[in-house]
Structures are given as structure tokens and as C-alpha cells.
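One-letter residues, chain by chain:
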Amino acid sequence: GSVGAGRDKRGIRLGFDLVNPVDGRHLPAFAADYVLMDYGTGAIMAVPAHDQRDLDFARAHGLDVIQVIRPADGSELDVATMTEAYAGEGTTVGSGPYDGLDWRETKRRITADLEARGLARATVNFRLRDWLISRQRSWGAPIPIVHCPDCGEVPVPDTDLPVLLPDDLDFSVQGSPLDQHPTWKHVACPTCGKDALRDVDTMDTFVDSSWYFLRFLDPASEERAWPVEAAGRWLPIDQYTGGVEHAVLHLLYSRFVVKAMRDRGLVAADEPFARLLSQGQVIMDGAAMSKSLGNLVVPGEVYDTYGADTLRATMLFASAPEDDIDWADVSPNGMHKWLSRVWRLAMEHLARSSAAGDGAAGDRTAGDGAAGAEGAEGSDDAAVVLARATAHAVDRAGRDFAARKYNTAIARLMELSNALGDAARTGSGPDVEAAIRVALERLITMLAPIAPFLTEELWHRLGHVGSVHDERWPEADAALLVRDEVEVVVQVSGKVRARVTVPAGAPQDLVEAAARADANVVAHLTGEVVKVVHVPDRLLNLVVRGG
């Protein structure tokens, strides 16, 4: 490890050499200021050609630079003149029996060989520093300890909890305002009654954030932090989502607190969370937002212009949850236009239904109309096409939601809205309107977690009494997911020459006949077909001698 990559690498030559345990070579020994004492044993094997700090040190002290990794991209290293170490992938060279191995495998082999000789052992190097409990500040949770000259450290009795901070601190003083408050720290010892002092440090906010989720179980209670029986039911939490900048420490501290409370019998779970998702940040023009950079985006401005549903949907559509969102590349206007289109599709359907005497009055269920639309078979009319599109959207969006791929799930819903528009434009009659109603209800139900206000309004406009947010996720009709026809790619000697539509599951001879009927395929069949490769429902490759 380094204490400053930009500094000159200072060092002192020691009066002895060290022996390389792998090949027996003698190595000069130095004491260097850039090597951390708590990294491993405090002694490292320098590899100047492949570590920039080691290279800088070697150049400063005239040491040999020896290449032991050949770059994976085939480039050559000039160890005599190189100023930047090569730290990328590659294979081992100049290392005897390990030559030709991937460098990661070389590390494993050398470690195993040294372990077998009793000269080394593999260890895990932890970088986590001690958790800071107390801070010399005047905010945060007070430490409920009284320091008595006779009794020592005495816990504050339960009847005197919580310990409250004073609200008249003087922040202009030098040092800790809490320590210099005239009265707050002076208290009688809970054990002997003599004059004593409160602890004037406060706990780090990590202490609070490591168990706050348990407080949700009974937030109004003044008798207990959380109900033990309820914690047994709710922990571990099924899914925890948090900011990536706090992922490591917050997770470790939460695990520590829960395990400590488990040992005290206050929770039954071993872990606080079953799954953790670290979400990305919203950035602007490639940088984190800050007042100093002047690149702040105020969510309220987007809300005032487009509404909460558009703001939510825009953020979910912009990227996968774990990726950063660069707001400079995001278009709330485009999302607002799509949500407006969903509204118009529903309103136009209601207008047509009203004109036909099929009003939307009365409570309906999401399955109404399914028989007329999803039960139709044997034709390619607009109702059947839309019913199939609805089933595929429900299936794909459902899988995307389960995988937390909300951006692609929204794309599936956009495809369904396109299919709805096509059906309304190309078809008419009761069957088509029944299919449109089913598609709309499926679309609104799946869109509800993303745009809760728009969907609730549309749900009631369609005649439902209950809330859309009480609906179950729709299920796709499995029969409608089976494709009648598929598009097969046709290659001639590995090059794509055509695409032919054939019945799903068609045998090779039928697919080959369809391919040979294509003019472009025929034009490239200039020799004898010596081999036919058929991947059912996907590919046909006609290999021509000399092709």
C-alpha cells in the first residue's frame, strides 16, 4: 500500500540482502516510506515492472526492473525506459516453471508451493478500520454513561433515559461546546449520589443507522426500541435497497448490531437483510451533483412541470437500478408524452365503448373480457394479435420486474401500448374492444408501481371500485405465448442471405425448401451443398463447397 502516490519514493538501503524463496536469488533490502506497516507483515516483494509505486522507487534508486508479465494484448515492454508500470492482464514470463501461466494462476501456484514447503501461507487482508463509536462533537446520540470518581463508569438508569442534549449550546467556544456547557455534564452518580460527570462524547450516526429499520416495528413506543416478537417475524428483511456510497460500512455495521442483539436475545435472526441492492447515483454531465459545480438538478422543478408520475418513471427508465443516471441524457418530456398516450388510449376506448352502448359503469375485474379476446383462435384479426401481444408483455415485464430490471420492464409496457394503438387503428367491433380492455387493464396494473397516480385514476375511469394497488400481478395465458410462426435466419457458408418465416417447430426439410425458394439464397448457391446445419426455429446454414 502507498501513503502518497505522487511523492518521491524515499528509502534507505539496509545492510543485508534477502533471499527470494521461489528461486533463491538475493534481493537488495530497503526501508521505504511508501510501504504501510500494517499491510501484511510490513515487508513486500517489489515488482517494479508491474506496480507504479515500485517502478518509481526503482528508478529513484537505480534498481533493476524485471518483466514477469507479458501483456495480453501482445504489446512489448521496454523495461529499460518505461515510465509507466504495466498492471494489466497477461501471462507469466521470466519465472521458470511458471512461465506461460496466467498471472493470477501463477500467484495461486506460487502460494501453494510455498505453503507446501512451510515458507508461507495464504491470508485475507482486511482494510476495514476500527469502528468509531464516540466523537468529540456536540450532536449525535449521547453516550449514556456517568463517570464517577469512586464508582467508575456507571450506566444511566433506564428511568433516566433518554439522555437529551441541551438546546442552548454555545458553538463559539474553543473545543467541545458540550464539554463547556455550564450545567449539562454535572450530575449525581446513579450509584452513590456523589458529584459526577456525564460522558460528553456523542455516538457516531452509524450507531443509529445500523438499527433504524427495527424501529419501524413500533415507532411510537417509549418503553422499548422494538418489539422482540415482531422482529422475529420481519427479520431478515427480504430486500434492502440503499445508496452505493454506504454499501460496505452500513452493511457491516448493521450485521454487527443485529448479531449483537441476537446474542442478547433481542432478535432471532442471524442477518438483517436477505438481499441487498446498492442503487446508483443521479449525476449531471458526468459528475456528482454539487452546489460548487453548479450542476444541481432540483426534482421539484421536474415535478412542477411534469408531475410525480413522470419523475418516477423517468428515473426508473433511465438505467438499471445499480447504475448511475446522468440526468443530462434523460428526457422527462419523452416519458411525459408516453404516459399521456396511455391516458389517451384509455379515454378513446371508453369513448368508443360508450358510443356502442357498452358503458364502463359498475365494478369490473381485471379478467373481464378475457374470454372474448384471449379465447379467440384460428384467425389473425386485431383482437388475436393484441391478445398475443398482451400475453407476451405480461410474461416479459413480469420477469423483468422480478429481476429488478425496471428500465426494460417499462420498455415492455411501451411495446404493449404500441400494440394497443395498432389494434384500435386496424380493428373494430366487440372482440377488438374486449381485447383492448384486457390489454389496458393489464397495462395499467403493471404500470401502477411506476406511475401510481395516473394508474389509479385510469383504473376508476374503467369502472373499478377498488384500488389498482390492491390488484395481483396479472398472469400471462400460456397458450398465447406459443408462437405459430418463427423467423429463421438463412446463411450460405456462414453469411446471412435471407430470413424466412416458417411454422414453429418446422422440420429441416421444410425450412430448407423455404430457403431454396428465396431468390437471394439461390443466387449464392453457386456450388455443391456439402453440409446443412439446422438449429430448430433459429438458423439454417447451407455450406457450399468453395463458398
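Look up: the structure comes first, before these words.
Residues numbered from 1 in each chain as written. Predicted model: local features only at pLDDT ≥ 70, side-chain atom pairs only at ≥ 80, totals over all residues. Heavy atoms only, no water.

Digging into the nonpolar core
Buried together is how nonpolar side chains tend to be arranged in soluble globular proteins. Short version of the rule: What makes a nonpolar core is a set of buried Ala, Val, Leu, Ile, Met, Phe, Trp, Tyr and Cys residues whose side-chain atoms join them at distances within 4.5 Å. Exposure categories follow from relative accessible area, calculated using a 1.4 Å probe and restricted to protein chains: below 20% of the type maximum is buried, above 50% is exposed, and the middle band is partly exposed. The secondary structure listing takes helices from DSSP runs of H or I that are at least 4 residues long and strands from runs of E that are at least 2 residues long, numbered from the N terminus. The contact criterion used throughout is that any non-hydrogen atoms of two residues lie within 4.5 Å.
With 40 residues, the main nonpolar core has Trp-338, Leu-339, Leu-386, Leu-413, Leu-420 and Leu-447 as its most contacted residues. Elements with a minimum of two residues in this core: helix 9 (332-355), helix 11 (382-402), helix 12 (406-426), helix 13 (430-447) and helix 14 (452-461). Examining the composition of this core, we find that nine residues originate from one element, helix 13, more than from any other. Every residue in contact with Leu-413, bar those within four places of it in the chain, is listed here: Trp-338, Ala-397, Leu-443, Met-446, Leu-447 and Ile-450. Val-502, Val-511, Ala-515 and Leu-542 belong to the second-largest nonpolar core, a separate cluster that totals 15 residues.

Comments concerning the environment of Ile-444
Structurally, the position occupied by Ile-444 is in helix 13. By relative accessible area, which is 1% here, Ile-444 ends up buried. Apart from the residues lying within four places of it in its own chain, the contact partners of Ile-444 are Thr-455, Leu-458, Trp-459, Leu-462 and Val-468.

Looking at the packing of aromatic side chains
Which entries qualify depends on this criterion: Pairing of aromatic side chains requires ring centres within 6.5 Å, counting the rings of Phe and Tyr and the six-membered ring of Trp. Pairs whose planes differ by under 30 degrees are stacked, by over 60 edge-to-face, and all others tilted. Charge over a ring is defined by NZ of Lys or CZ of Arg lying within 6 Å of the ring centre and within 35 degrees of the ring normal.
Counted by the stated rule, this structure contains ten aromatic pairs. Considering the side-chain rings of Phe-206 and Tyr-253, the 4.6 Å spacing of their centres and the 75° angle between planes classify their relative orientation as edge-to-face. Of the two residues, Phe-206 is situated in helix 3 (residues 205-209) and Tyr-253 in helix 6 (residues 247-263); the sequence distance between them amounts to 47 residues. Residue classification places Phe-206 among the partly exposed positions, given a relative accessible area of 22%. When its relative accessible area of 8% is taken as the criterion, Tyr-253 is described as buried. Relative to Phe-216, the ring of Tyr-212 has its centre 5.7 Å away and its plane inclined at 90°; by these criteria the two rings are edge-to-face. Judged by its relative accessible area of 32%, Tyr-212 is partly exposed. Connected via pairs of aromatic rings, a cluster forms that spans Tyr-212, Phe-213, Phe-216, Tyr-240 and Phe-273. If you follow Arg-198 out to its NZ or CZ, it ends over the ring of Trp-184, 5.7 Å from the centre.

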